[in-house]
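Descriptive structure summary
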Amino acid sequence: MADLNPAEFKLFTYPHRHIAKRVFKIREITSTNDILLTDPKKMFRSGDVLWSLKQSKGRGRYNRIWNSPEGGLYFSILFEDIPRLSAFYPFVLLCALAIRNVLADRTHEAFFTIKWPNDIYADHHKIAGILIQSQSTSQDSRAVIGMGINLNNPMQHIPNLRTPAISLHELTGHTSAPESFLEDILDLVDTYYRDFIHQRFSCYLPELNRVIYSKDKPLILTEGKRQRIVIPRKFTKDGYLTCEENGEMVVLMV
Ligand code: BTN
């Protein structure tokens, strides 16, 4: 990580945006989340995006490995001075919605859904995932939202996957240009961010509630080593998921 060379990054700028005004692209990196969290060369500021064509140590939730060969889309957004991470969860859900909506728009398919807490599914296959991480020191607190999308990288040949997975290429037979895909997602993420900071998250609840994975149907949720069977019903105004579990209503928190 110490040998990160600023000259290896290509910078794209989008002045019209509120966040994601600067997108740094690199050929390969350990993990876009790790780099933004530690920022060893003090290169990045709040709202910056780091996009890598592949990752050698891509991370998933619960410290799992996120398979990151060339062909997939891997990027993270940095947020500095976040007061409370939990206040940010509704926005993370909106990031999942942005990915879901770009996938649906581009394929004209309605079967893309959001599986709690923020996986994106194509029918019953995972196609994208989001990892939020935070770090505080005496000087600053930062949060990083990392998104990984199986775009052109083959997934279905990988043995023993924890969840069935698929890439957009496998789904449609077409190769997608990652830069325009990223641009569409970041434009939408930027719009949703403006609404989020202006307290308009609840306007998205009807839309979010239409795209819940396994809505009104039993779902096995695996949280680390724990498994539970729930029936997802709807999202709360704080971005949590209301479910039925053993005949009672429960709220799932991240
Ligand atoms: C999950 O579903 O477990 C979350 C996967 C998140 C993967 C992305 S790829 C870009 C960013 N960098 C990482 O190392 N992880 C996230």
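For the structure given in this document, a descriptive report is provided here.

Analysis parameters
- Residues numbered from 1 in each chain as written.
- Predicted model: local features only at pLDDT ≥ 70, side-chain atom pairs only at ≥ 80, totals over all residues.
- Heavy atoms only, no water.
- Helix = DSSP H or I, 4+ residues; strand = E, 2+ residues; numbered from the N terminus.
- Rg over C-alpha atoms; globule rule 2.2 N^0.38 Å.
- Buried < 20%, exposed > 50% of the residue type's maximum accessible area, 1.4 Å probe, protein only.
- Pairing = 2+ DSSP bridges.
- Axes fitted to C-alpha atoms, helices over the stretch in contact; angles between N-to-C directions.

**Side note on the overall build of the protein chain**
Counting its secondary structure elements, the protein chain contains five helices and twelve strands. The C-alpha atoms of the protein chain give a radius of gyration of 18 Å, which matches the 18 Å a tight globule of 254 residues would have. Along the three orthogonal principal directions, the C-alpha set of the protein chain runs to about 55 × 40 × 35 Å. Scored against the burial criterion, the 254 residues of the protein chain give a buried share of 52%.

**So, the sheet that holds strand β9 (residues 219-223)**
With antiparallel pairing, the four strands of this open sheet are ordered in space as β9-β10-β11-β12. The open sheet has two edge strands with one neighbour each: β9 and β12 (248-252). Sheet twist, expressed as the average angle between the axes of neighbouring strands with direction ignored, equals 50°. Bridging between strand β11 (residues 241-245) and β12 involves five bridges; their strand directions are antiparallel. When the sheet's bridge partners are listed, Leu241 is paired in β12 with Leu252.

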